[in-house]
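# Summary of structural features
Next come the chains, spelled out residue by residue.
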Amino acid sequence: MTRGTGAGQLGRELLGFGPHAGAHRVAARAGVSVLVPLLVLLAAGRLEWSIYATFGAFTALYGRERVGPLRVRLQTEVGVLLTAVVAVGTLVGSSEHRAWLAVPTAALLTIGAAVLSDRQHWHPPGALFPVFALTACASIPGEPSDALVALLVAGCSAAFSLLVGNLGAWLRRRRATYAAADRPSGAPGARAASPTTGLWRHVLPSGVAVLLAGSVATGVGIGHPYWAMVSAVVPLAAADPLRQLVRGLHRLLGTGVGLALAGALLALDLGPLATVLAVVALQVAAELLVGRNYALALVVITPLALLMVHLVSPVPTSELLVDRGTETLVGVVIGLAVGWLARRVGSARAAG
């Protein structure tokens, strides 16, 4: 491939806009799955638990390409995992050494979740959401007893998301056909089942990238180091070098624009109800865009994540924005570097 051809392909991948592919259905399910638990917590005066409920609601994001029992099975598996990691992350947050404990814990979780993703053909693929859930909850100081609250809130939210995500299929049971969904290896984002490919090109590199990104961000003293760990996972969710680069650049570009939108929303100093409604609107917009262009999705995902954090642990806006931008850059650079090194190791192993 010539340099001109490579640059042209990179440009097309960066600017490409994928098909709608029924994204409105996933967006509606995601919106309802987030809205109802947050309104319940708002009414109960417990918005400090909103982060647990939101991560449990991320169960609704999985299995968009499946229907019936196959979606139930995948969302149940992911919902249990998300609930567990929210509780573990909250327990880590109760330690005075939470910042450093979170790093190896997240690296191990990344490896385990990546293995599950490869074997069960998760869509969306990879360990991003479990790692985000664990590390964000681990960053919040608390007490060991908070882990039980986190378990119950996240579990109830995940169960509600499971109901919302499958209610339509249950109502259409007689008309539903599962033949296409019964071939998960053809699902979007599915990887080959080769143990060697998964181990050397995806699973171990993801764990190493999270370990390095978390160590650098924590060691340097940047606030909110979980954003570096999450960003390190992003490029490695792709299977080939070009798409890894595209995902990394999308993460940087989308986050940069999203920080401006986040700054504007945070400057409005929204009240609790308005913040909840903004979170839901941004979640819906993210699901409408994420399958079409990841950079555009990041424009709304960035303020979504910052508003989630602000609901639970408010900090000065400037600090929040600088931390997010800096750690995104650290994580993406490390993720791309680890991906490049993994390819070199894989090539050397193949040649040997």
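Refer to the preceding data block for the structure.
Here's what I pulled together on the structure shown here. (Residues numbered from 1 in each chain as written. Predicted model: local features only at pLDDT ≥ 70, side-chain atom pairs only at ≥ 80, totals over all residues. Heavy atoms only, no water.)

## Here's the deal with unusual backbone geometry
Counted only if it meets this: Numbering of helices and strands runs from the N terminus, with a helix taken as a DSSP run of H or I at least four residues long and a strand as a DSSP run of E at least two residues long. Here's how the labels work: a residue is buried when its accessible area is under 20% of the maximum for its type, exposed when over 50%, partly exposed in between, all with a 1.4 Å probe on protein chains only.
Looking along the chain, the bond that leaves histidine 123 and enters proline 124 is cis, with omega of 5 degrees. Along the chain, the position of proline 124 falls in the loop between α5 (98-120) and α6 (128-138). Positive phi, normally seen in glycine, also occurs at histidine 121, with a value near 55 degrees. Mapped onto the secondary structure, histidine 121 falls in the loop between α5 and α6. Since its relative accessible area comes to 13%, histidine 121 is described here as buried.

## Digging into α5
Each α-helix winds once per 3.6 residues, and so residues spaced three or four apart point in a common direction. To be explicit about the condition: Multiplying 1.5 Å by the residue count of a helix minus one yields the expected span of that helix.
Taking 1.5 Å per residue, 23 residues should reach 33 Å; α5 reaches 31 Å between its end C-alpha atoms and fits that length. Along α5, the positions that sit buried rather than exposed are Ala102, Val103, Ala106, Ala107, Leu109, Thr110, Ala113, Ala114, Ser117 and Asp118. Directly after α5, the chain includes histidine 121, whose backbone phi takes a positive value near 55 degrees.

## Looking at the environment of alanine 133
We count it as follows: Here a residue-residue contact requires only that any non-hydrogen atoms of the pair lie within 4.5 Å.
By secondary structure assignment, the location of alanine 133 is in helix α6. C-alpha of alanine 133 to C-alpha of valine 88: the two residues are 45 residues apart in sequence and 9.6 Å apart in space. When neighbours within four sequence positions are excluded, alanine 133 is seen to be in contact with Phe55, Leu82, Val85 and Val86.

## Observations concerning the packing of aromatic side chains
Put simply, the rule is: Working definition: a ring pair exists when centres of Phe, Tyr or Trp rings (six-membered ring for Trp) sit within 6.5 Å. Plane angles under 30 degrees give stacked, over 60 give edge-to-face, the rest tilted. Only lysine NZ and arginine CZ atoms are considered, and such an atom sits over a ring when it is within 6 Å of the ring centre and within 35 degrees of the ring normal.
According to the stated counting rule, one finds seven aromatic pairs in the structure shown. Ring centres of phenylalanine 55 and phenylalanine 132 lie 5.0 Å apart, and the angle between their planes is 85 degrees; this geometry places the pair in the edge-to-face category. Of this pair, phenylalanine 55 sits in helix α3 (residues 50-57) while phenylalanine 132 is found in helix α6, placing the two residues 77 residues apart along the sequence. According to the relative accessible area criterion, phenylalanine 132 is buried, its value standing at 10%. With a centroid separation of 5.0 Å and an interplanar angle of 55 degrees, the aromatic rings of tyrosine 226 and tryptophan 227 are classed as tilted. Exposure class is identical for tyrosine 226 and tryptophan 227. Each is buried. Members of the aromatic cluster, joined through ring pairs, are Phe55, Phe58, Tyr62, Trp122, Phe129, Phe132, Tyr226 and Trp227. Here the basic side chain of arginine 247 rests over the ring of tyrosine 294, its NZ or CZ set 4.7 Å away from the ring centre.

Taken by themselves, the reported measurements are silent on function.
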